[in-house]
Amino acid sequence: MMTYIWSGLVVLSVIFGALTGRIDAVSTAALGECLKAVELSATLLGGLCLWGGVMKIAEKSGLSEKISGLLYPLLGRIFHGLRRGSAAFAAIAMNLMANLLGLGNAATPLGLAAMTQLQKENPDPETATDNMILFVVLNTASLQLIPTTTATLRLKAGSQAPMEILPCVWLASILSVTVGLTVAKLGCALHRRRR
Amino acid sequence: MTGYAVPCLLVGFILYGLYRGVPVFDCFVEGAGENMKVILKILPSLVALMTAVGMFKASGGLDLLTAGLAPLAELLGLPKQVLPLALLRPISGSGAMVIFQDILQNFGPDGTIGRVASVLMGSTETTFYTLALYYGAIGIKKTRHTLPSALSADMTGFVCSALLVHLLLGR
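Quick caveat, the model's predicted, so the values are computed rather than measured. (Residues numbered from 1 in each chain as written. Chains lettered and ligands numbered in written order. Predicted model: local features only at pLDDT ≥ 70, side-chain atom pairs only at ≥ 80, totals over all residues. Heavy atoms only, no water.)

Student: What should I look at first to understand the UniProt feature "transmembrane region" (unreviewed entry) in chain A in this one?
Tutor: Residues and elements named next belong to chain A. Sites flagged by UniProt as "transmembrane region" (unreviewed entry) map to residues 42-58, 87-112, 132-153 and 165-184. For the annotated span residues 132-153, helix accounts for 68% and strand for 0% of the residues, and the straight-line distance between the end C-alpha atoms is 33 Å. Annotation note: span residues 165-184, helix share 95%, strand share 0%, distance between end C-alpha atoms 28 Å. (UniProt positions renumbered as here; feature names shortened; annotations may be inferred. Helix = DSSP H or I, 4+ residues; strand = E, 2+ residues; numbered from the N terminus.)

Here it is in structure tokens:
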């Protein structure tokens, strides 16, 4: 899937660039964007190390086990066959917590830790498991209690009530997560039947 | 309020660790070191993705796509000025942020367009980036039906943001 999207984007950019006479800008982007990728990974590196360290403390002190216990009734229903005390489960629970608190930068490394744990239970390391799909969808659908960045930008733009969008954001997130997870679950069920 | 979230979280974790007799500093360094290796695995997919998206934006392809999809925007009930944001949102977080700010400045944060854009920003994520990052880090090549599922969630988010703004905040 990514193969087609990626090559499609590159090929189309060159065609459009030639047609619109912006081929110089395309060329600049082709050479310059990789630098931004390095910048972004450097930015991520600090956060990854920080939250990796914090996670380790939580793991060794038994705190992550406690937190995952609180979220088990909900998450156990979404994820298939994930054991309560497992490291994968703890990481998923922590990632969800960070997402809910609007700590996007903290959620990403926790999510990567969860993916690493899920990969350990994967019989075919090149193919995504059902639980990986559900977990990625949960993350792409953005469950947030406090959309900090959005509210800050609204305030900066002179909004009279930057938080008035909250009920809409909550409802929209819940609906989109539900639809995403349902489609993912249906896909998994179809896949199992075909085998 | 949210200024307290991170510091309190950190203090809470460290205090609980100390209470349980965990050597917190050594633990922290160990965990940080493990995550350092992850970034090296991510960089290649980031370079690939950001290059392609950057080229597409520069070529004017995104503008063309927006113009071509204006009827679709009408169908979804989205103001057409919000469509570039909806298109870019799944692909690039920083790109979406730039367009979002632009919309707020041009149309005001408290009008219908500004509100729909805000709800859309708050309730969706950079799907392609998350996908590339999460799967790239652990070397998954076949993502199966992840993308269609994630995009269906995004699509629901788009439609709902327009609909909910009209229902809950509309005139």
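Student: Help me understand the interface of chain A and chain B in this model?
Tutor: A common way to report how large an interface is uses the accessible area buried once the components associate. Of the residues lining the interface, 100 residues belong to chain A; the matching set on chain B comes to 87 residues. Carbon and sulfur atoms make up 75% of the surface buried where chain A meets chain B, a total of about 8000 Å² over both sides. Considering only the side of chain A, the residues that lose the most area to chain B are Ile-57, Glu-126 and Thr-140 of chain A, jointly responsible for 8% of the buried surface there. Our enumeration of links across chain A and chain B arrives at six salt bridges. Remark: the boundary between chain A and chain B carries 22 residue pairs in polar contact (both at pLDDT 80 or more). Elements with a minimum of two residues in the side of chain A that touches chain B: helix 1 (2-20), helix 2 (23-61), helix 3 (63-78), helix 4 (87-100), helix 5 (104-120), helix 6 (130-140), helix 7 (148-156) and helix 8 (166-194) of chain A. Per-element tally for the side of chain A that touches chain B: the top contributor is helix 2 of chain A, with 25 residues. A class-by-class count of the residues in the side of chain A that touches chain B yields 58 nonpolar, 31 polar and eleven charged. (Contact = heavy atoms within 4.5 Å. Buried area = accessible area lost by both parts, 1.4 Å probe. Salt bridge = Lys/Arg side-chain N within 4 Å of Asp/Glu carboxyl O. Polar contact = N/O pair within 3.5 Å; in protein donor to acceptor, adjacent residues only side chain to side chain. Nonpolar A, V, L, I, M, F, W, Y, C, P; charged D, E, K, R; others polar.)

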